[in-house]
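A structural walkthrough
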Amino acid sequence: PRQNPGQPVVLPNAKINVRVSFGKSSTVFYSLLAWTCHFRYLQNACGWCGQDDIVGMVLAAPGIHVNDLFFNKTHAAFFAVLYGTPTTLELLSQSGIHLQQLDAQGRSL
């Protein structure tokens, strides 16, 4: 089922929506979904082996918030465009991500 961007599905204790940082000194926290959409960056930075298969697993988790916005009004699709593949973006689209989202500078995907 498609998720309504205005009304995220919230399940009690949905740990899949936790935010994590990259590195001990980082002050920027993103969702697990956003990090998995960074897979080309993570492959170079730390030898990450996952690709769209991991993105698909995260999207299949109950209670996932596909339209979770970050401090700069971006979401996982912005990272998929930069560091993923067309398949990554298609998986997000099929999960109901809002592709018309504008970032803090008014830019779209």
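These lines cover the structure that appears in this document, whether it is placed above or below. (Residues numbered from 1 in each chain as written. Predicted model: local features only at pLDDT ≥ 70, side-chain atom pairs only at ≥ 80, totals over all residues. Heavy atoms only, no water.)

Looking now at the overall build of the protein chain. What the protein chain contains, in helices and strands, is 5 helices and 2 strands. The helix and strand sequence of the protein chain, counted from the amino end, reads β-β-α-α-α-α-α. For the protein chain, with 109 residues in total, the buried portion stands at 38%. Across the protein chain, every contact between residues at least 6 apart in sequence was considered, and the portion connecting residues at least 24 apart equals 59%. In the structure as shown, the protein chain presents an accessible area of about 6,600 Å², 57% of it carried by carbon and sulfur atoms. (Helix = DSSP H or I, 4+ residues; strand = E, 2+ residues; numbered from the N terminus. Buried < 20%, exposed > 50% of the residue type's maximum accessible area, 1.4 Å probe, protein only. Contact = heavy atoms within 4.5 Å. Areas by Shrake-Rupley, 256 points an atom, 1.4 Å probe, with all protein chains shown as cover.)

Here we take up the packing of helix α4 (residues 76–83) against helix α5 (residues 86–94). Helix packing geometry: the angle between the two helix axes and the distance between the axes. Running from amino to carboxyl end, α4 crosses α5 at an angle of 160°, the nearest separation of the two axes being 8 Å. Judged on the interaxial angle alone, α5 and α4 are roughly antiparallel. The handedness of the crossing between α4 and α5 is left-handed. Of the residues in α5, those touching α4 at A76, A77, A80 and V81 are T88, L89 and L92. The residue makeup of the contact of α4 with α5, split by class, is 6 nonpolar, 1 polar and no charged. (Axes fitted to C-alpha atoms, helices over the stretch in contact; angles between N-to-C directions. Parallel < 35°, antiparallel > 145°, perpendicular 65-115°, else oblique. Left-handed = near helix turned anticlockwise from the far one by under 90°. Nonpolar A, V, L, I, M, F, W, Y, C, P; charged D, E, K, R; others polar.)

On to α4. Given 3.6 residues to a turn, an α-helix orients residues that are three or four positions apart in the same direction. Buried within α4 are the following residues: A76, A77, F78, F79 and A80. As for α4, its buried residues are in contact with β2 (30–31), α1 (32–36) and α5.

Under the defined criterion, the tally for this structure stands at 2 salt bridges. A salt bridge links D68 to R19; the shortest N-O distance between them is 2.7 Å. Of this pair, D68 sits in the loop between α3 (52–59) and α4 while R19 sits in strand β1 (residues 19–20), placing them 49 residues apart in sequence. The exposure class of R19 is partly exposed, given its relative accessible area of 32%. Between D103 and R107 there is a salt bridge; the shortest N-O distance is 3.0 Å. (Salt bridge = Lys/Arg side-chain N within 4 Å of Asp/Glu carboxyl O.)

Quick look at the environment of C49 now. Position of C49 among the secondary structure elements: in the loop between α2 (39–46) and α3. A residue is classified by how much of its surface remains accessible, and C49, at 72% relative accessible area, is exposed. Considering only alpha carbons, one finds C49 and F39, 10 residues apart in sequence, at a separation of 8.0 Å.

Here we take up the packing of aromatic side chains. Overall, the coordinates contain 6 aromatic pairs when judged by the stated rule. An angle of 35° between the planes, with centres 6.4 Å apart, marks the rings of Y30 and F71 as tilted. Note that Y30 is positioned in strand β2 and F71 in the loop between α3 and α4, a separation of 41 residues in sequence. The exposure class assigned to Y30 is buried, which follows from its relative accessible area of 11%. Centroid distance Y41 to Y83: 5.7 Å. Interplanar angle 55°. Geometry classified as tilted. In this pair, Y41 is assigned in helix α2 and Y83 in helix α4, connecting sequence segments 42 residues apart. Judged by relative accessible area, Y41 falls into the partly exposed class, the value being 34%. (Phe/Tyr/Trp six-rings, centres within 6.5 Å; stacked < 30°, edge-to-face > 60°.)

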